[in-house]
Amino acid sequence: MEVEKDLIKREIQRLTLMLSGLVEKISGLNPNSAKGDIDEVNNALKSQFDLSLEDIAEMSASDVIKKISNLHESHIEKIVELIHEIILKIESSDVDLKFEKTKIAEKGIIIIDFLNENSNTFSMKRMHIKTALQNRL
């Protein structure tokens with residue numbers, strides 16, 4: 001049983017590191033390669049979580065909640081950070097993406113509200129991201 005717990009813990013840490021790497025990649029994004037890098041982020045999300053930014057943008061609020069409710073809280077936090085960083089990069093460059101900025105911002109707020117309702121931890125960072133996303137609607 002202890003070995004199983006360690007395996008699960010390592011997998012959670014691996015996915016958290018992967019998501020952190022994606023957030024860093026987007027935050028250091030070069031406007032000239034933005035489209036390719038965002039596509040790479042989408043592919044990583046799709047392969048690891050069966051979820052892409054396009055999926056999030058086009059899903060209904062209830063479907064987004066259903067999809068993320070099975071994820072570890074730290075992964076949900078990182079996905080929100082990723083959404084925020086991508087919106088910032090979309091605004092600072094002329095990237096033509098398959099989803100609308102406002103739709104992904106709305107879903108980011110929905111995800112943050114889900115975290116606020118279901119987390120035992122209050123996060124100032126989460127609240128700052130929510131305010132930033134609300135300002136982009």
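Report on the accompanying structure. (Residues numbered from 1 in each chain as written. Predicted model: local features only at pLDDT ≥ 70, side-chain atom pairs only at ≥ 80, totals over all residues. Heavy atoms only, no water.)

**Some remarks on the overall build of the protein**
Let me state the cut-off plainly: Helical segments are the DSSP runs of H or I of at least four residues, strand segments are the runs of E of at least two, and each set is numbered from the N terminus. Radius of gyration here uses only the C-alpha atoms, and the compact-globule reference equals 2.2 Å multiplied by the residue count raised to the power 0.38. To sort residues, take the accessible area from a 1.4 Å probe on protein chains only and compare it with the maximum for the residue type: under 20% means buried, over 50% means exposed, and anything in between is partly exposed. For the purpose of counting charges, residues Lys and Arg are taken to be positive, whereas Asp and Glu are taken to be negative. His and the chain ends are not included. Throughout, a charge is located at the NZ atom of Lys, the CZ atom of Arg, the CG atom of Asp or the CD atom of Glu.
Looking only at helices and strands, the protein features 7 helices and 0 strands. The order of α-helices and β-strands along the protein, N terminus first, is α-α-α-α-α-α-α. Relative to its length of 137 residues, the protein is compact, with a C-alpha radius of gyration of 15 Å against a globular reference of 14 Å. Principal-axis analysis of the C-alpha atoms places the extent of the protein at approximately 50 × 30 × 25 Å. Counting every position in the protein, which comprises 137 residues, the buried fraction comes to 45%. Of the charged side chains in the protein, 19 are positive and 24 negative; the average position of the first set lies 1 Å away from that of the second.

**A look at unusual backbone geometry**
Of note, the phi angle at D50 is positive, near 50°, even though the residue is not glycine. Secondary-structure assignment places D50 in the loop between α2 (34-49) and α3 (53-58).

**A few points about helix α1 (residues 2-27)**
Just so we agree on the cut-off: In this scheme, a helix's expected span is set at 1.5 Å multiplied by one less than its residue total. For this analysis, residues touch if any pair of their heavy atoms sits within 4.5 Å.
A rise of 1.5 Å per residue sets the reference length of α1, with its 26 residues, at 38 Å; its end C-alpha atoms lie 37 Å apart and thus fit the reference within 8%. Among all positions of α1, only L15, T16, M18, L19, S20, L22, V23 and I26 are buried. Those residues of α1 that are buried are in contact with α2 and α5 (73-92).

**Re the environment of L71**
Residue placement: L71 occurs in the loop between α4 (61-68) and α5. Placed 59 residues apart in sequence, L71 and I12 show a C-alpha to C-alpha distance of 9.7 Å. The contacts of L71, once residues within four sequence positions are left out, are F49, I76 and I79.

**Quick word on the environment of I110**
Among the secondary structure elements, I110 is positioned in helix α6 (residues 101-118). Taking C-alpha positions, I110 is 36 Å from V3, a pair spaced 107 residues apart along the chain. When residues no more than four places from it in sequence are discounted, the contact partners of I110 are A61 and I65.

**Overview of the side chain of T16**
Spelled out, the test is: The definition of a polar contact used here is a pair of N or O atoms within 3.5 Å, where within protein one atom must be able to donate a hydrogen and the other to accept one, and adjacent residues in sequence count solely through side-chain atom pairs.
Counting through the fold element by element, T16 comes out in helix α1. T16 gets classed as buried once you look at its relative accessible area, which sits at 18%. At 2.8 Å, the side chain of T16 and the backbone oxygen of I12 are in polar contact. Reaching out from T16, the side chain makes a polar contact with the side chain of S74 at a distance of 3.3 Å. Aside from chain neighbours lying at most four places away, what touches T16 is S74, H75 and K78.

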